[in-house]
Amino acid sequence: MQRRKPTTRIAQWSTTHRKLAIFGWLAFVVAAVAIGGSIGTKTLDGADLSTGEAQRAERALERAELKPNTELVLVQNSELSAGDQQFAAVVGEVTTGLESTRYVENVSSPSNGGGAVSEDGHSALVEFEIAGDSTQAETRVNRSLAAVNAVRRANPGYSVRQFGDASASKAINQVFADDLRQAETLSLPITLIILVIAFGSLVAAGVPLLLAISAVAATIGLVAIPSQFFPVDESLTSVILLIGLAVGVDYSLFYLRREREERAAGKSPDDALATAAVTSGKAILVSGLTVMVAMAGLLITGDSTFISFAIGTIMVVGVAMFASLTILPALLSWLGDRVEKGRIPFTKKLRRPAGESRFWAGLVARVMRRPVVSIAVAGGALLVLAVPGIGLNTVVTGPSDFPQDLPVVKTYNQVQEAFPSEGSQSSVVVEAADVKSGEVATGIDNLVRKADRSDLLIPGATVTYSDDGTVADVAIPTPGEGTDASSAAALAEIRDDLVPATVGAVDGVVVNVSGNAAESHDYNQLLSQRMPLVFAFVLGLAFLLMLITFRSIVIPLKAIALNLLSVGAAYGMLALIFQHGWGESLLGFQSNGGVTTWLPLFMFVILFGLSMDYHVFILSRVREYHNRGMSTDEAVRKGIATTAGTVTSAAVVMVAVFAIFATLSIIDMKEMGVGLAFAVLIDATIIRGVLLPASMKLLGERNWYLPAWLDRRLPGGDRAGSVAGGESGPVTDPAPATRPGPAGTSPGAASTEAPVTATTRVESREVSRV
């Protein structure tokens, strides 16, 4: 007796313990959300956000307690100057109000001989610090904001605005939260509408959506646990929503559509569910594992942001896959044909019944008649589109990339305009036994003097010492925002020329340079070093997984090549839109000359995993037909045509969800949404409808090539049953499936298209192998 496959055994357990499965899932989701709410999610801050030399500098500053939570209050009046009594009175109100505010320390103001006044006299700065670490400061900053707002309301003729790390972080986090709510508000109804059109009923549409939402909610709660040991990026919740909703709906859609298709073909509810478990269930398992393997590649980077993305996406894909394989069979077993309840009349004209799609069948037939021309045209077009991606530039998101109507961004721009030295700067962190005397002190003095004289830097360098005299922070004002060419030139001047010629030449001294420009440079250096390792890891494990699944060398190699082509085209589109500025007015952004630093690598791993959804699902059906005895050409044509409805619906859901993120205000999210939406669209159309069938036509039976010696060594046993073959039984051994016959025939009359079961499958491939 043939051993049942894991997906069949899981489905059998779920259908026989459906109350336990369903209520256990609900309890799991509630518990996960409760855990997340009780312990909280720790996010990255401070040195964890940097890499390389910049991270070493930031950690030295943190150890020396030279990273205070500094805030500024900008007081401006276009008519009066700081020397006027009324202007000075307003500055005094700010100073007094801050000095009496809890958690505010070290207030420096023109009123007490500190602070700063602009050259034209119309702007004054009051500087202060907030006690505690950066996380505490983000909460405590509310008190100082309230004090500053009170002064502004009492003096309507003045601009009184606060800016600093804590206040800026609070404002930007609020923008992220608002964007996330907007994405949720838009994505859920749009996804439901697409699913209603796909299934034609509210119940069938609601099942995948509810499972996906519950998987996302559970993951957001559960991610709080690993965040206690590995703090996560603040945008991880958006990434979990984006990926979780897409794959959660897709996996359930694959399973549910196959079960409905088998019922329409005349199978009993149990047999239909069993066939879905062994076919679509297997495809979901392979697809999910491939996505998780791809995302695991991000762990190799060693970067905290990528590690958090890997943890979050692996968790949400795993939870969504678990729900589709375990909870969905229980729900379908309980609902039965009631899953068709809530029929929407007008959708009947928009849907095609289960079976082949005439459009895709016709397209594939034409493509396979002229495979060389099809590959040349479609492949050539994608290669041309990928060319701009060769010069894709990455940049660290700066203040100019945030919504310019935010008060905190407006204040930053005003501060930078009135006080250039308060804008972007580089920190030269010097560590030695004694930084206040001897050669080290002389070297620091020389560094400050040379920096003030450099044409690439802004005069006004300052030095701050630690209490124990072992660390010095030399803050050098630089032009630009820290992410542009002038900032990069300033960094090169400091690191390559000034430091080696001054304090860096002193024996026993450790010097590291930090700042926005340094962080951007070091981040790009890290990616250039680790990216080949990530590519090798992802491609290698994906090849092995597909090799074992399809028992063919050609299939995984071709899948990898086609996926790389779609990723390359997506890179090219990103370069055209966000680097060269195409569509700025349409998408509501201003090009910063590149894309955010983490996006290219993140897109590669996530797209490589997601594109396998369609590949595995389609090729599973092709393999299924091939195992019945069809030729490769006929199996390809029929496999693509019969999966067209499911794949199209799944792709529309993914594209819609990703495209919603292109409407958000944060440019990082726009870039991710556009890149993922375009790549999935390419994958579901040009790759699936043209390049896949054309390449399989050219290769013919060589698609299934696997050396005999390798076949014997691969796990999984029998070649014919590798993906879709094998048991199709309800979760017990079913009778051969039948289709309702014409009037007057028996309900058990054999269908003209036999199902894939252990008793009806043509074993020609196994015989030929022996």
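A quick note: this is a predicted structure, and the numbers were derived from the prediction, not measured. (Residues numbered from 1 in each chain as written. Predicted model: local features only at pLDDT ≥ 70, side-chain atom pairs only at ≥ 80, totals over all residues. Heavy atoms only, no water.)

**Q** Would you take a moment to explain the overall build of the protein chain for this structure?
**A** When helices and strands are counted, the protein chain shows 25 helices and eleven strands. In summary, the protein chain has a C-alpha radius of gyration of 31 Å against a globular reference of 27 Å for 770 residues, a match within 12%. Expressed as lengths along the three principal axes of its C-alpha atoms, the size of the protein chain is roughly 105 × 50 × 45 Å. Across the 770 residues of the protein chain, 55% fall into the buried class. Across the protein chain, every contact between residues at least 6 apart in sequence was considered, and the portion connecting residues at least 24 apart equals 78%. Entry remark: accessible area of the protein chain is about 30900 Å², with carbon and sulfur atoms responsible for 59%. Taken as two groups, the 61 positive and 71 negative side-chain charges of the protein chain have centres that lie 20 Å from each other. (Helix = DSSP H or I, 4+ residues; strand = E, 2+ residues; numbered from the N terminus. Rg over C-alpha atoms; globule rule 2.2 N^0.38 Å. Buried < 20%, exposed > 50% of the residue type's maximum accessible area, 1.4 Å probe, protein only. Contact = heavy atoms within 4.5 Å. Areas by Shrake-Rupley, 256 points an atom, 1.4 Å probe, with all protein chains shown as cover. Lys, Arg positive; Asp, Glu negative; His and termini not counted. Charge placed at Lys NZ, Arg CZ, Asp CG, Glu CD.)

**Q** Just to check I follow, could you spell out the nonpolar core for this structure?
**A** Generally speaking, a soluble globular protein has its nonpolar side chains buried in company with each other. In this structure, Tyr255, Phe602, Tyr614 and Met672 are the most contacted members of the largest nonpolar core, which totals 170 residues. Per-element accounting of this core gives the leading share, 18 residues, to helix α21 (residues 599–627). Ranked by size, the runner-up nonpolar core spans 27 residues in total, among them Val428, Val448, Ala451 and Val474. (Core = buried A, V, L, I, M, F, W, Y, C linked by side-chain atoms within 4.5 Å.)

**Q** Before we go on, may I ask you to explain unusual backbone geometry in this structure?
**A** The phi torsion of most residues other than glycine is negative, and most of the peptide bonds are trans. For tyrosine 103, which is not glycine, the phi torsion reads 75 degrees and is therefore positive. Its place among the elements puts tyrosine 103 in the loop between α4 (85–99) and β2 (104–108). Relative accessible area serves as the criterion here: at 23%, tyrosine 103 is assigned to the partly exposed category. With a phi close to 50 degrees, asparagine 106 is a non-glycine residue in the positive phi region. Taking the relative accessible area as the measure of exposure, asparagine 106 reaches 54% and is therefore exposed.

**Q** Help me understand helix α23 (residues 667–699) in this model?
**A** Note that an α-helix has 3.6 residues per turn; residues three or four places apart therefore point the same way. At isoleucine 687, α23 is deflected by roughly 50 degrees, the largest bend along its length. In terms of burial, α23 is largely enclosed, as 27 of its 33 residues are buried. (Bend = angle between axes of the 7 residues up to and from the residue.)

**Q** I'm lost on the packing of aromatic side chains in this one. Help?
**A** We describe a pair of aromatic rings using the distance from one ring centre to the other and the angle between the two ring planes. Scanning all chains against the criterion turns up twelve aromatic pairs. Centre to centre, the rings of phenylalanine 254 and phenylalanine 617 are 4.3 Å apart; their planes meet at 10 degrees, and the pair counts as stacked. Here phenylalanine 254 is found in helix α9 (residues 236–264), whereas its partner phenylalanine 617 is found in helix α21, with 363 residues between them in sequence. Among the aromatic residues, those joined into a cluster by ring pairs are Trp25, Phe28 and Phe322. Residue placement shows arginine 257 over the ring face of phenylalanine 199; its charged tip is 5.9 Å from the ring centre. The lysine or arginine in question, arginine 338, covers the ring of tryptophan 334, its NZ or CZ lying 5.6 Å from the ring centre. (Phe/Tyr/Trp six-rings, centres within 6.5 Å; stacked < 30°, edge-to-face > 60°. Lys NZ or Arg CZ within 6 Å of the ring centre and 35° of its normal.)

**Q** Mind showing me how you'd approach the pattern of salt bridges here?
**A** Any two side chains of opposite charge can pair, so long as their charged atoms come close to each other. Per the counting criterion, the structure on display carries 19 salt bridges. The partner of arginine 258 in a salt bridge is glutamate 262, with the nearest N and O atoms 2.7 Å apart. One end of the pair is arginine 258 and the other is glutamate 262, both in helix α9 and four residues apart, which spans about a single turn. Classification of glutamate 262 as buried rests on a relative accessible area of 9%. We note a salt bridge from arginine 258 to glutamate 624, for which the minimum N-O separation is 2.8 Å. Of this pair, arginine 258 sits in helix α9 while glutamate 624 is found in helix α21, placing the two residues 366 residues apart along the sequence. Relative accessible area serves as the criterion here: at 4%, arginine 258 is assigned to the buried category. Taking relative accessible area as the criterion, glutamate 624 reaches 2% and is therefore assigned buried. Within this structure, Arg258, Glu261, Glu262, Lys267, Arg621, Glu624 and Arg628 form a network of salt bridges that share partners. (Salt bridge = Lys/Arg side-chain N within 4 Å of Asp/Glu carboxyl O.)

**Q** Please clarify how the environment of isoleucine 476 should be interpreted in this entry.
**A** For isoleucine 476, the position within the fold is in strand β9 (residues 471–477). The exposure class assigned to isoleucine 476 is buried, which follows from its relative accessible area of 0%. Placed 39 residues apart in sequence, isoleucine 476 and glycine 515 show a C-alpha to C-alpha distance of 9.7 Å. Not counting residues up to four positions away in its chain, the partners in contact with isoleucine 476 are Gln425, Ser426, Val428, Ala451, Leu457, Ala461 and Ile494.

**Q** What should I look at first to understand helix α10 (residues 269–278) in this one?
**A** When you tally the buried positions in α10, you get eight out of ten residues, the bulk of the element. Taken together, the buried positions of α10 are Asp271, Ala272, Leu273, Ala274, Thr275, Ala276, Ala277 and Val278.

**Q** Before we go on, may I ask you to explain the pairing of strand β8 (residues 462–465) in this structure?
**A** It is a general feature of regular strands that their side chains alternate between the two faces of the sheet. As paired strands, β8 and β9 are joined by four bridges and run antiparallel to one another. Among the inter-strand pairings, threonine 464 is bridged to a residue of β9, identified as aspartate 473. Taking the residues between adjacent antiparallel strands as the criterion, β8 and β9 are bridged by five residues, where glycine 469 takes a positive phi near 75 degrees. (Pairing = 2+ DSSP bridges.)

**Q** Quick question: what am I supposed to make of the packing of α9 against helix α11 (residues 280–296) here?
**A** In helix packing, the relevant descriptors are the interaxial angle and the interaxial distance, both defined with respect to the helix axes. Two elements in contact, α9 and α11, have axes whose closest approach is 9 Å; the angle formed by their N-to-C orientations is 170 degrees. By the angle between their axes, α9 is roughly antiparallel relative to α11. Counting all contacts with α9, which are made through Tyr251, Phe254, Tyr255 and Arg258, the residues of α11 involved are Ser280, Gly281, Ile284, Ser287, Gly288 and Val291. Tallied by class, the residues present in the contact of α9 with α11 amount to five nonpolar, four polar and one charged. (Axes fitted to C-alpha atoms, helices over the stretch in contact; angles between N-to-C directions. Parallel < 35°, antiparallel > 145°, perpendicular 65-115°, else oblique. Nonpolar A, V, L, I, M, F, W, Y, C, P; charged D, E, K, R; others polar.)

**Q** What am I meant to see in the confidence of the model for the protein chain here?
**A** A low pLDDT score tells you not to read the predicted coordinates there in detail. Counting all residues, the mean pLDDT for the protein chain is 84, and 90% of those residues have values of 70 or more. By mean pLDDT, the top-scoring element of the protein chain is helix α14 (residues 371–386) (95), and the lowest-scoring one is helix α25 (residues 764–769) (32). (pLDDT = per-residue confidence, 0-100.)

**Q** What am I meant to see in the sheet that holds β9 here?
**A** Consider a sheet: its strands pair through backbone hydrogen bonds, and that pairing is either parallel or antiparallel. Overall, antiparallel pairing links the four strands, which are arranged β8-β9-β7-β10 in an open sheet. A single partner strand is all that each edge strand has here, and the edge strands are β8 and β10 (510–515). Within the sheet, the average angular offset between the axes of one strand and its neighbour, ignoring direction, is 20 degrees. Note: strand β7 (residues 425–431) against β9, seven bridges, orientation antiparallel.

**Q** Mind showing me how you'd approach the environment of glutamate 53 here?
**A** For glutamate 53, the location among the structural elements is in helix α3 (residues 52–63). Sequence separation between glutamate 53 and serine 238 is 185 residues, and the spatial gap between their C-alpha atoms is 29 Å.

**Q** Would you mind showing me how to read the environment of valine 247 here?
**A** By the element assignment, valine 247 lies in helix α9. Here valine 247 falls in the buried class, since its relative accessible area comes to 0%. Each C-alpha atom of the pair valine 247 and serine 287 lies 9.6 Å from the other, and the pair is 40 residues apart in sequence. Those residues in contact with valine 247 that lie beyond four places of it in its chain are Val317, Ala320, Leu610 and Met654.

**Q** Before we go on, may I ask you to explain the side chain of threonine 279 in this structure?
**A** Assignment of secondary structure puts threonine 279 in the loop between α10 and α11. Engagement of the side chain of threonine 279 in a polar contact is seen with the backbone oxygen of threonine 275, the distance being 2.5 Å. (Polar contact = N/O pair within 3.5 Å; in protein donor to acceptor, adjacent residues only side chain to side chain.)

**Q** Would you mind showing me how to read the side chain of serine 201 here?
**A** As for its position among the elements, serine 201 is in the loop between α6 (165–199) and α7 (202–222). A polar contact is formed between the side chain of serine 201 and the backbone nitrogen of alanine 204, at a distance of 3.2 Å. When sequence neighbours within four positions are dropped, the list of residues in contact with serine 201 reads Val196, Val339, Glu340, Lys341, Gly342 and Arg343.

**Q** Help me out: how do you make sense of a positive patch on the surface in this one?
**A** The grouping of Arg18, Lys19, Arg338 and Lys341 at the surface amounts to a positive patch. Assignment of secondary structure puts lysine 341 in the loop between α12 (304–335) and α13 (358–369). (Patch = residues over 30% accessible without salt bridge, like charges linked within 9 Å, V, L, I, M, F, W, Y side chains within 5 Å.)

**Q** Sorry if this is basic, but what is going on with the packing of α21 against helix α22 (residues 632–661) here?
**A** At a minimum axis separation of 8 Å, α21 and α22 run at an interaxial angle of 155 degrees. As judged from the angle between their axes, α21 and α22 are roughly antiparallel. The way α21 lies across α22 gives a crossing that is right-handed. Here the contact of α21 with α22 is built from residues that sort into 14 nonpolar, six polar and three charged. (Left-handed = near helix turned anticlockwise from the far one by under 90°.)

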